[in-house]
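For reference, the chains in residue letters:
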There are 2 protein chains.
Amino acid sequence: MNLGHIKVIVFDTFGTVVDWRGSIVRDLTAWGDSCGIKADWPKVADAWRGEYEPEMDRVRKGQIPFAKLDEFHAHALEDVLNKFKISGLTKAQFEHINCAWHRLEGWPDAVSGLTRLKTKFVIGPLSNGNVALLVNMAKHAGLPWDNIFSCELFRHCKPHPDTYLGVARMMNLAPAEVMMCAAHNNDLAAAQNAGLATAFIPGATEFGPRQTTDLGATQKWDIIAADLNDLALQLGISQM
Amino acid sequence: MNLGHIKVIVFDTFGTVVDWRGSIVRDLTAWGDSCGIKADWPKVADAWRGEYEPEMDRVRKGQIPFAKLDEFHAHALEDVLNKFKISGLTKAQFEHINCAWHRLEGWPDAVSGLTRLKTKFVIGPLSNGNVALLVNMAKHAGLPWDNIFSCELFRHCKPHPDTYLGVARMMNLAPAEVMMCAAHNNDLAAAQNAGLATAFIPGATEFGPRQTTDLGATQKWDIIAADLNDLALQLGISQM
């Protein structure tokens, strides 16, 4: 694919731009310390992430209506708190924990890489995270997005094609003028099927020490980059 | 209204943040010079702005479906070109002129004022401009928005209440946690009716030398500010 006419780059967020697992573990640990609640926080984080995916799958299959990811997080959090026998939380405490996903931190390359890419392209997240979550995360982590292309705008969860095509339509562009960047091969496969250009950044530690998937590209992508700064370099933006 | 819990400030854009008339006149004049087309460009700009408002009114009345402002601009531009006997344009030339609205310049206080406000609040346009128009305008004029809250997201034109309430819902906030800032009293009246906080910046030259409306506040707003930097100051952000 000729990459000379790319105008917009959208990014998977959880795992590609921000370290959701490390951030959630640090956030919950600090919160637990502050109110004297002890738990195996890495296991809580893994269980929480594991719980909400099946609910999104039910949206993908049309079994339940689309909802904000904040709501799926809250449903899953209730289950996880029960499972780990954490009880007696006030409504404000529950909300505070549920919004840990609004306080995720970028990977070390996130701010510098995105800042470089922003000089030449319109950049935004294309994430199953809802708008409020992604806006608050950007403020917290300093992510310099031009716009938040949350899947909430398209009322479908990735990898539904309307999410990728929705960005192109909204920006008055052909699909090939939009690039999807992700650390997940299945996200890129769906974007490529929709006609978008693709950039893969191999994951390594998103899921912690047990990670076995997405360690490398499983098919041919337009760009494979070591990190976001390398992506900028491969797209012709030299060191700032 | 207590303004201590404001989290998000949204801004009317055409006239409040950017100088649409001056920008359109300069853009069309430069384009005309480059291809040898002469016209009374200030009159063309006024006619163009005058032409698309009635079409948005038909959307407001439910007579025609919602569409991107780019489309309304294009319909109006066809009429205006006929009226001013400008003919023989290629499709690319027509598109270039129609996208003059993507290349508007900020008022002198826009970038500095928004940059200050961004340190404390989530900021974004709430404009009848469509997402692509507002994203491209922000890149062109250097407007540091956190997110584009285009009316396109809510499928209604301002001053429909769903546009103001849509921002609050999307950000998980109560209406009173959102402030609308505009140089137009009617925009603020609708925002106030929807429960938002309001900030008025008196207009003076938006419509050129013939301006007679919105020179001052016509009712009580939460803040009346001289410009965006004064708004920042009144909201507790001292000079950076």
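Throughout, residues of each chain are indexed from 1 in the direction in which the sequence is written. Both sets of labels track the order of writing: A upward for chains, 1 upward for ligands. Local features in this predicted model are restricted to residues whose pLDDT is 70 or higher, and side-chain atom pairs enter the listing and the counts only when it is 80 or higher, whereas totals over whole chains, interfaces and linings include all residues. Derived side-chain values reflect all non-hydrogen atoms in the structure, with water molecules and hydrogen atoms excluded from consideration.

**Description of the overall build of chain A**
Here is step 1 of the chain: Across its full length, chain A holds 9 helices and 5 strands.
Here is step 2 of the chain: Both definitions apply: the radius of gyration is a C-alpha atom measure, and the globule rule equals 2.2 Å times residues to the power 0.38. Its C-alpha atoms give chain A a radius of gyration of 18 Å, within 12% of the compact-globule value 18 Å for 240 residues.
Here is step 3 of the chain: If one aligns the C-alpha atoms of chain A with their principal axes, the spans along those axes are about 55 × 40 × 30 Å.
Here is step 4 of the chain: Only protein chains enter the area calculation, which uses a 1.4 Å probe; residues under 20% of their type maximum are buried, those over 50% are exposed, and those in between are partly exposed. Within chain A, the proportion of its 240 residues that are buried is 56%.
Here is step 5 of the chain: Pairs at least 24 apart in sequence give 66% of the contacts found in chain A among residues at least 6 apart. Helical segments are the DSSP runs of H or I of at least four residues, strand segments are the runs of E of at least two, and each set is numbered from the N terminus. Any pair of residues with heavy atoms lying within 4.5 Å of one another is described as a contacting pair.

**Quick look at the pattern of salt bridges**
Here is step 1 of the chain: The salt bridge criterion pairs a side-chain nitrogen of Lys or Arg with a carboxyl oxygen of Asp or Glu, the two atoms within 4 Å. Overall, the coordinates contain 22 salt bridges over all chains when judged by the stated rule.
Here is step 2 of the chain: When the shortest N-O distance is used, the salt bridge between K139 of chain B and D146 of chain A registers 2.8 Å. Taken together, the residues span two chains, with K139 of chain B in helix α6 (residues 131-141) and D146 of chain A in the loop between α6 (131-141) and α7 (161-170).
Here is step 3 of the chain: Of the residues examined, K139 of chain B reaches a relative accessible area of 31% and is grouped as partly exposed.
Here is step 4 of the chain: Across the salt bridge formed by D57 of chain B and R60 of chain B, the nearest N and O atoms sit 2.8 Å from each other. Linking D57 of chain B with R60 of chain B, this pair stays in helix α2 (residues 41-60), spanning 3 residues, or about one helical turn.
Here is step 5 of the chain: Taken together, the salt bridges that share partners define one network made up of D12, K158 and D187 of chain A.

**Some remarks on the environment of L114 of chain B**
Residue and element names in this part refer to chain B.
Here is step 1 of the chain: Relative to the helices and strands, L114 resides in helix α5 (residues 110-118).
Here is step 2 of the chain: The exposure class assigned to L114 is buried, which follows from its relative accessible area of 0%.
Here is step 3 of the chain: Sequence spacing of L114 and D230 is 116 residues, and the spatial spacing of their C-alpha atoms is 11 Å.
Here is step 4 of the chain: Not counting residues up to four positions away in its chain, the partners in contact with L114 are F11, V17, D109, I123, L143, P144, W145 and L228.

**Brief notes about the relation of the copies chain B and chain A**
Here is step 1 of the chain: When the copies are superposed, the least-squares fit takes in the C-alpha atoms of residues with a pLDDT of at least 70 in both. The transform that puts chain B on chain A rotates by 180° and translates by 0.0 Å along the axis, for an RMSD of 0.0 Å. The symmetry that links the two subunits is that of a two-fold axis. No C-alpha of chain B approaches the rotation axis more nearly than that of N147 of chain B, which lies at 2.5 Å.
Here is step 2 of the chain: With an isologous cut-off of 70% or more, the 100% of interface residues of chain B that recur at the interface of chain A puts this contact in the isologous class.

**A few points about the sheet that holds strand β5 (residues 223-224) of chain A**
All names here are of chain A.
Here is step 1 of the chain: The 5 strands lie next to each other as β2-β1-β3-β4-β5, forming an open sheet whose pairing is parallel. Edge positions in the sheet fall to β2 (122-125) and β5, since each has one partner strand and no second.
Here is step 2 of the chain: Should DSSP find at least two bridges between two strands, the strands are taken to pair. Pairing of strand β1 (residues 8-11) with β2 involves 4 bridges; the strand directions are parallel. Note that in β2 the partner of V10 across the bridge is G124.

**Some points on the side chain of E55 of chain B**
All names here are of chain B.
Here is step 1 of the chain: Within the fold, E55 resides in helix α2.
Here is step 2 of the chain: The sign given to each residue is positive for Lys and Arg and negative for Asp and Glu; His and the chain ends receive no count. Put simply, E55 is tucked away with no salt bridge, and the nearest opposite charge, on R58, sits 5.7 Å away.
Here is step 3 of the chain: Throughout this description, a polar contact denotes any pair of N or O atoms lying within 3.5 Å of each other; where both atoms belong to protein, one of them has to be capable of donating a hydrogen while the other can accept it, and for residues adjacent in sequence the pair is counted only when both atoms sit in side chains. Among the polar contacts made by the side chain of E55, one reaches the side chain of H75 at a distance of 2.7 Å.

**Digging into the packing of helix α1 (residues 20-35) of chain B against helix α4 (residues 91-98) of chain B**
Residues and elements named next belong to chain B.
Here is step 1 of the chain: Interaxial angle, 0 to 180 degrees, is taken between N-to-C directions of lines fitted to C-alpha atoms, where a helix line uses only the stretch in contact. Here α1 crosses α4 at 155°, and the two axes come no closer than 10 Å. Of the possible angle classes, the one that applies to α1 and α4 is roughly antiparallel. Where α1 abuts α4, its residues D27, L28, W31 and C35 lie against Q93, H96 and I97. Every angle not falling under 35 degrees, over 145, or within 65 to 115 is termed oblique; those three ranges are roughly parallel, roughly antiparallel and roughly perpendicular.

**A short note on the interface of chain B and chain A**
Here is step 1 of the chain: Each side of the interface is counted separately: chain B has 22 residues, and chain A has 22 residues.
Here is step 2 of the chain: The term buried area denotes the loss of accessible surface (1.4 Å probe radius) that occurs when two parts are joined, taken as the sum for both partners. Between chain B and chain A, the buried area comes to about 1600 Å², and carbon and sulfur atoms account for 53% of it.
Here is step 3 of the chain: There are 2 salt bridges connecting chain B and chain A.
Here is step 4 of the chain: At the junction of chain B and chain A, the tally comes to 14 residue pairs in polar contact (both at pLDDT 80 or more).
Here is step 5 of the chain: Those elements giving two or more residues to the side of chain B that touches chain A turn out to be α6 and α7 (161-170) of chain B.

**A few points about the nonpolar core**
Here is step 1 of the chain: Counting residues in hydrophobic clusters, the biggest one holds 178 residues, and the most contacted among them are F11 and L117 of chain A together with F11 and L117 of chain B.
Here is step 2 of the chain: Excluding its chain neighbours within four sequence positions, the residues that come into contact with F11 of chain A are V17, L114, L117, I123, G124, P125, L126, W145, M180, C181, L228 and L231 of chain A. What makes a nonpolar core is a set of buried Ala, Val, Leu, Ile, Met, Phe, Trp, Tyr and Cys residues whose side-chain atoms join them at distances within 4.5 Å.

**A closer look at the packing of aromatic side chains**
Residues and elements named next belong to chain A.
Here is step 1 of the chain: For Phe, Tyr and Trp, rings pair up if their centres lie within 6.5 Å, where Trp contributes its six-membered ring, and each pair is then called stacked (planes under 30 degrees apart), edge-to-face (over 60) or tilted (otherwise). Per the stated rule, a full pass over the model turns up 12 aromatic pairs over all chains.
Here is step 2 of the chain: Aromatic pair F11 and W145: ring centres 5.7 Å apart, planes at 40°, arrangement tilted. Taken together, the residues span a long stretch of sequence, with F11 in strand β1 and W145 in the loop between α6 and α7 at a distance of 134 residues.
Here is step 3 of the chain: Take W145: its relative accessible area is 4%, and that puts it in the buried class.
Here is step 4 of the chain: One aromatic cluster is present, built from ring pairs that chain together F14, W20, W48, Y52 and W101.
Here is step 5 of the chain: When the NZ atom of lysine or the CZ atom of arginine is within 6 Å of a ring's centre and also within 35 degrees of its normal, the charge is said to sit over that ring. Over the ring of W20 we find R49, and its NZ or CZ is 4.8 Å from the ring centre.

**Brief notes about the packing of helix α1 (residues 20-35) of chain A against helix α2 (residues 41-60) of chain A**
All names here are of chain A.
Here is step 1 of the chain: At a closest axis distance of 9 Å, the pairing of α1 and α2 adopts a crossing angle of 125°. When the axes of α1 and α2 are compared, the pair comes out oblique. Like other packed secondary-structure pairs, α1 and α2 cross with a definite hand, here right-handed. Taken together, the residues of α2 that come into contact with α1 (itself represented by W20, R21, I24, V25, L28, T29, W31 and G32) are W41, P42, V44, A45, D46, W48 and R49.
Here is step 2 of the chain: We call Asp, Glu, Lys and Arg charged. Ala, Val, Leu, Ile, Met, Phe, Trp, Tyr, Cys and Pro are nonpolar, and the rest, Gly among them, are polar. Of the residues contributing to the contact of α1 with α2, the split by class is 10 nonpolar, 2 polar and 3 charged. The crossing is said to be left-handed when, going from far helix to near helix, the turn is anticlockwise and less than a right angle, and right-handed when the turn is clockwise.

**As for the state of the cysteines**
Here is step 1 of the chain: The disulfide criterion used throughout: a pair of cysteine sulfur atoms within 2.5 Å. In this structure the tally under the stated criterion is 0 disulfides over all chains.
Here is step 2 of the chain: You can see C99 of chain A has no disulfide; the closest cysteine sulfur is in C35 of chain A, sitting 16 Å from it.

**Let's talk about the side chain of D19 of chain A**
Residues and elements named next belong to chain A.
Here is step 1 of the chain: Residue position: D19 is located in the loop between β1 and α1.
Here is step 2 of the chain: Looking at D19, its side chain comes within polar contact range of the main-chain nitrogen of G22, at 3.0 Å.
Here is step 3 of the chain: Once residues lying within four places of it in the same chain are set aside, the contact partners of D19 are R26, E105, G106 and W107.

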